[in-house]
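# Structural overview
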Amino acid sequence: MNITLEQAEKMIVAAKAKAVELDTKMNICVVDAGANILAFVRMDGAWLGSADISLKKAKTARFFDFPTGVIGSLSQPGGSLFGIEHSNGGLISFPGGVPVKNSAGEVIGAIGVSGSTVENDNLVAEAGANAL
């Protein structure tokens, strides 16, 4: 199973609406089941450097099928995944990346968001993921 462009666009709309509600500007990236970019938007005025972070958050969430914040908690010194962010060409292990599942519970892609606090990034990513 794979996320469709129509679904990705719906997620982008929901994520943008949440970002506007939070009065922040975000980079929002949706990847398919193979972790390939399917949709991306950089809101007017969003940080340029956060574009790459949003992509890496989405890829990280899809590579491991966990929210990036969970991976971050496991990758602290002494943790079972310590150092994982150096794998796969660089991962992001703080909140803002969320796997996306279909109605059968299968992971079909992921969304990554960057441009504000990690708390806001995560709220926007969850709003996008929950749009399906």
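These numbers were taken from a predicted model, which means no experiment stands behind them. (Residues numbered from 1 in each chain as written. Predicted model: local features only at pLDDT ≥ 70, side-chain atom pairs only at ≥ 80, totals over all residues. Heavy atoms only, no water.)

### Let's talk about the pairing of strand S1 (residues 27–32)
Regular strands place their side chains on alternate faces of the sheet. The buried fraction of S1 is high, at six of six residues. The alternating pattern of S1 places Asn-27, Cys-29 and Val-31 on one face and Ile-28, Val-30 and Asp-32 on the opposite face, and all of these are buried. Of the pairings in the sheet, the one linking S1 to strand S2 (residues 37–42) comprises five bridges and is antiparallel in character. Its bridge partner lying in S2, Val-30 is registered against Ala-39. (Buried < 20%, exposed > 50% of the residue type's maximum accessible area, 1.4 Å probe, protein only. Helix = DSSP H or I, 4+ residues; strand = E, 2+ residues; numbered from the N terminus. Pairing = 2+ DSSP bridges.)

### Some remarks on a nonpolar patch on the surface
Taken together, the side chains of Phe-66, Val-70 and Leu-74 make up a nonpolar region of the molecular surface, amounting to roughly 230 Å² of accessible area. By the secondary structure assignment, Phe-66 is in the loop between helix H2 (50–64) and helix H3 (68–74). Accessibility expressed as a relative area gives 45% for Phe-66, which makes it partly exposed. (Patch = residues over 30% accessible without salt bridge, like charges linked within 9 Å, V, L, I, M, F, W, Y side chains within 5 Å. Areas by Shrake-Rupley, 256 points an atom, 1.4 Å probe, with all protein chains shown as cover. Salt bridge = Lys/Arg side-chain N within 4 Å of Asp/Glu carboxyl O.)

### What to know about the environment of Arg-62
Of note, Arg-62 is situated in helix H2. Taking the C-alpha atoms as reference points, Arg-62 and Val-124, separated by 62 residues in sequence, lie 17 Å from one another. The contact partners of Arg-62, leaving out residues within four places of it in the chain, are Val-31, Asp-32, Ala-33, Ala-35, Val-107, Gly-109 and Ala-110. Engagement of the side chain of Arg-62 in a polar contact is seen with the backbone oxygen of Ala-33, the distance being 2.6 Å. Among the polar contacts listed, one links the side chain of Arg-62 to the side chain of Asp-65, at a separation of 2.4 Å. (Contact = heavy atoms within 4.5 Å. Polar contact = N/O pair within 3.5 Å; in protein donor to acceptor, adjacent residues only side chain to side chain.)

### A few points about the nonpolar core
Core analysis: the biggest nonpolar cluster contains 20 residues, and Met-26, Ile-28, Val-30, Val-100, Ile-111 and Val-113 have the highest contact counts within it. Within the residue set of this core, elements represented by two or more residues are helix H1 (5–21), S1, S2, strand S3 (97–101), strand S4 (107–114) and helix H4 (118–129). At five residues, H1 tops the list of elements feeding residues into this core. One finds Leu-55, Ala-58, Ala-61 and Ala-110 within the second-largest nonpolar core, a separate group that totals six residues. (Core = buried A, V, L, I, M, F, W, Y, C linked by side-chain atoms within 4.5 Å.)

### Quick word on the side chain of Ser-75
With respect to the helices and strands, the residue Ser-75 is situated in the loop between H3 and S3. A residue is classified by how much of its surface remains accessible, and Ser-75, at 4% relative accessible area, is buried. Of note is the side chain of Ser-75, whose polar atom sits 3.5 Å from the side chain of Glu-85. When residues no more than four places from it in sequence are discounted, the contact partners of Ser-75 are Leu-81, Phe-82, Gly-83, Ile-84, Glu-85 and Ser-93.

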